[in-house]
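The primary structure of each chain is shown beneath.
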Amino acid sequence: GEMEVYDFSEPITQHGWANGLSVHNCGEVLLGAWQVCNLGTLNLPCFINRDGVIDNNRLAYVSKVATRFLDNVIDVSNYPYPENELVQKFGIRRIGIGTVGLADAMIESKIRYGDNPKAKVFTNQVLTVIRNSVIDTSCDLAREKGTFPSYQKEQFNEGKYLLRLPQNLQDKVREHGLRNACLLC
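Residues numbered from 1 in each chain as written. Predicted model: local features only at pLDDT ≥ 70, side-chain atom pairs only at ≥ 80, totals over all residues. Heavy atoms only, no water.

This part is about the pattern of salt bridges. This structure, assessed with the given rule, holds 11 salt bridges. Here K89 and E85 are joined by a salt bridge, their closest N and O atoms 2.7 Å apart. Within this pair, K89 and its partner E85 are both found in helix α2 (residues 82-92), separated by four residues, close to a single helical turn. Taking the relative accessible area as the measure of exposure, E85 reaches 29% and is therefore partly exposed. (Salt bridge = Lys/Arg side-chain N within 4 Å of Asp/Glu carboxyl O. Helix = DSSP H or I, 4+ residues; strand = E, 2+ residues; numbered from the N terminus. Buried < 20%, exposed > 50% of the residue type's maximum accessible area, 1.4 Å probe, protein only.)

Below, the structure written as structure tokens:
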């Protein structure tokens, strides 16, 4: 069959209106001037074992590998503009590790997706493993290769986000800093 397709572009802000909502083509994060996306996704059902339990060790390992991979992508990418390269390589070294398949992972774990205590515990557990692994690896990379160039130790160490991390990660970040300004998406 045939279907009508509507395409529009708005040249100033590059957004449109859909059912009363302001929409953009890419909405994971708002980017500053000349910043670029460097995203990686963890497919959560791949970490559920045959018993329906998430393999936290494997999830942590792959999160660490993904962090190193995306940090390396920064250095080998061909950027469309010199300003993109300058901001990414010599400014913030932005990466964004995210997830897909949370509902599918819950189904495989026999947990009802939605607003219920088991789903909340599962989601918190998964995201905590990823967060801690990614931050730990960015600290290792900072020790090995240096922090992201615009890193301000005093300002970062006073941030509320750092205080929500486990003590061992707080200590590690305070000692080595981070390789990447942005880590999770």
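With that out of the way, let us pick up α2. Residues of α2 that are buried: N84, Q88, K89, G91 and I92. Those residues of α2 hidden inside the fold are in contact with α1 (56-76). Where α2 ends, the next residue or the one after it, R93, has phi of about 50°, a positive value. (Contact = heavy atoms within 4.5 Å.)

A word on the confidence of the model for the protein. Keep in mind that low pLDDT regions are not for reading the predicted coordinates in detail. Confidence in the prediction of the protein, expressed as mean pLDDT, is 90, and 86% of residues score 70 or more. Mean pLDDT across the elements of the protein bottoms out in strand β2 (residues 21-23) (61) and peaks in α1 (98). (pLDDT = per-residue confidence, 0-100.)

We now examine the packing of aromatic side chains. In this structure the tally under the stated criterion is three aromatic pairs. Ring centres of F148 and Y151 lie 5.3 Å apart, and the angle between their planes is 80°; on these two criteria the pair is classed as edge-to-face. Both residues of the pair, F148 and Y151, belong to the buried class. Both rings, one in Y151 and one in F156, keep their centres 5.7 Å apart while their planes meet at 45°; by these two values the pair is tilted. (Phe/Tyr/Trp six-rings, centres within 6.5 Å; stacked < 30°, edge-to-face > 60°.)

With that out of the way, let us pick up unusual backbone geometry. Of note in the backbone geometry, W34 takes a positive phi value of approximately 65° without being a glycine. Structurally, W34 is set in the loop between β2 and β3 (39-43). Residue classification places W34 among the partly exposed positions, given a relative accessible area of 41%. In this model, R93 sits at a positive phi of 50°, which is unusual for a non-glycine residue. In this fold, R93 is placed in the loop between α2 and β4 (96-100). Judged by its relative accessible area of 2%, R93 falls in the buried class.

Take the nonpolar core next. Membership of the largest hydrophobic core comes to 33 residues, with the highest contact counts inside it found for L59, I97, F122, I130 and I135. Those elements that provide at least two residues to this core are α1, α3 (102-108), α4 (117-145) and α7 (167-176). Per element, the largest residue contribution to this core is eight residues, and it comes from α4. (Core = buried A, V, L, I, M, F, W, Y, C linked by side-chain atoms within 4.5 Å.)

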